[in-house]
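Residue-level structure breakdown
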Amino acid sequence: MGRASTKQNKNIYQLRREDLGLSREKASEILVTVPPERIEKIESEKSLPHPDEVMTMADGYKAPSLCNYYCANQCPIGQKYVPELKIKDLSQIVLEMLASLNSMNRKQERLIEITADGKIDGDEIDDFIRIQDELDRISMTADTLRLWSEQMLADGVINSQEYERRRKNVAK
C-alpha cells in the first residue's frame, strides 16, 4: 500500500480518489486504461487529463461532476461555453427552476416586442440582455438537474436499468 499524500492543494481528481480510499494503484485497476503513473501526473498537475481519461475517472469514481469540472475549467472551448455546476439538493434545484420559469413568463411579452421586427434596437438591448440572463439561469438549472440525476444514477439511488428503459419509452 502506498503512503498517504500530504499535499496541501489537492485537485478534484485526487480528492475524489482519496474520498474513495483508493491508492493510485487500486484506482488504476478500476480505471483499467489509466496507469498509476498517469494518475500521478494528472493529480500533481504535471499534465492535464485527456477528455477520455476524465470520462473514465468520472465513471470509475462514480463522479459525473468530474466531466463538468473538466469542461468548465480545463478545456479551452468549455471554458468559454460551459459553466461550472454544483450539485445541489433536488428541492433547491426545483425551486430555482420554478423561480426562473416564473420570471421568464413575466418577460415573455417583452421578448416578443423586442424580437418582432427581427432586430434589436438600442433601447431594447438592456431588456434583451436581462432576458438572455434569465434564459441562461434556466439552462444552468436544467443542467444542474441533469448532473444531479447522473449522480443519483451513479450512486444507485435511481435504478439505472429502469431509468434507461423508461427514458426510451418516454422519448417515443
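Anyway, here's the lowdown on the structure attached to this text. (Residues numbered from 1 in each chain as written. Predicted model: local features only at pLDDT ≥ 70, side-chain atom pairs only at ≥ 80, totals over all residues. Heavy atoms only, no water.)

Our focus in this paragraph is the layout of surface pockets. As a volume, the second largest pocket reaches approximately 340 Å³. Along the wall of the second largest pocket there are 15 residues; nearest its centre are P64, C67, N68, L147 and E150. When residues in the lining of the second largest pocket are grouped by element, the largest group, five residues, is from helix α8 (residues 125-155). Of the residues that constitute the lining of the second largest pocket, the class distribution is nine nonpolar, one polar and five charged. (1 Å grid on protein atoms, 1.4 Å probe; cavity = no way out; pocket = protein on both sides within 12 Å on 5 of 7 lines; lining within 4 Å. Points joined across faces, edges and corners; volume = space filled by probe spheres on them. Helix = DSSP H or I, 4+ residues; strand = E, 2+ residues; numbered from the N terminus. Nonpolar A, V, L, I, M, F, W, Y, C, P; charged D, E, K, R; others polar.)

Okay, helix α3 (residues 36-43) next. Taken together, the buried positions of α3 are occupied by R38, I39, I42 and E43. Down the axis of α3, the buried set is contained in an arc of 130°. They therefore lie on one face. Each element contacted by the buried residues of α3 is listed here: α1 (12-19), α2 (24-31) and α4 (51-60). Following α3 by one or two positions, E45 has its phi on the positive side, about 60°. (Buried < 20%, exposed > 50% of the residue type's maximum accessible area, 1.4 Å probe, protein only. Arc of directions from axis to C-beta. Contact = heavy atoms within 4.5 Å.)

The subject of this paragraph is the packing of α2 against α3. The contact between α2 and α3 brings their axes to 8 Å, and the two run at 110°. When the interaxial angle is binned, α2 and α3 end up roughly perpendicular. Considering the relative orientation of α2 and α3, their crossing is right-handed. Counted together, R24, E25, A27, S28 and L31 of α2 and P36, I39, E40 and E43 of α3 form the full contact between these two elements. Residues that form the contact of α2 with α3 fall into these classes: four nonpolar, one polar and four charged. (Axes fitted to C-alpha atoms, helices over the stretch in contact; angles between N-to-C directions. Parallel < 35°, antiparallel > 145°, perpendicular 65-115°, else oblique. Left-handed = near helix turned anticlockwise from the far one by under 90°.)

Ranked by size, the top nonpolar core spans 15 residues in total, and within it Y13, L31, I39, V54, M57, Y61 and L66 carry the most contacts. Contributing elements (two or more residues each) for this core: α2, α3, α4 and α5 (65-73). Setting aside its immediate chain neighbours within four residues, I39 contacts R17, R24, A27, S28, L31, V34 and Y61. In this structure, M97, I114, I131 and I138 belong to the second largest nonpolar core, which totals five residues. (Core = buried A, V, L, I, M, F, W, Y, C linked by side-chain atoms within 4.5 Å.)

A separate point is the side chain of S100. With respect to the helices and strands, the residue S100 is situated in helix α7 (residues 90-115). Beyond its immediate sequence surroundings of up to four residues, S100 is in contact with E134, R137 and I138.

Trans is the common state for peptide bonds, and a negative phi is the common state for residues other than glycine. The backbone of E45 sits at a positive phi, close to 60°, despite the residue not being glycine. Structurally, E45 is set in the loop between α3 and α4. With a phi close to 55°, K62 is a non-glycine residue in the positive phi region. Mapped onto the elements of the fold, K62 is located in the loop between α4 and α5.

With that out of the way, let us pick up the pattern of salt bridges. All chains considered together, the criterion is met by 17 salt bridges. K86 is paired through a salt bridge with E84; the nearest N and O atoms lie 3.1 Å apart. Taking relative accessible area as the criterion, K86 reaches 53% and is therefore assigned exposed. Judged by its relative accessible area of 32%, E84 is partly exposed. Residues joined by salt bridges that share partners form a network here, namely K10, R17, E18, R24 and E43. (Salt bridge = Lys/Arg side-chain N within 4 Å of Asp/Glu carboxyl O.)

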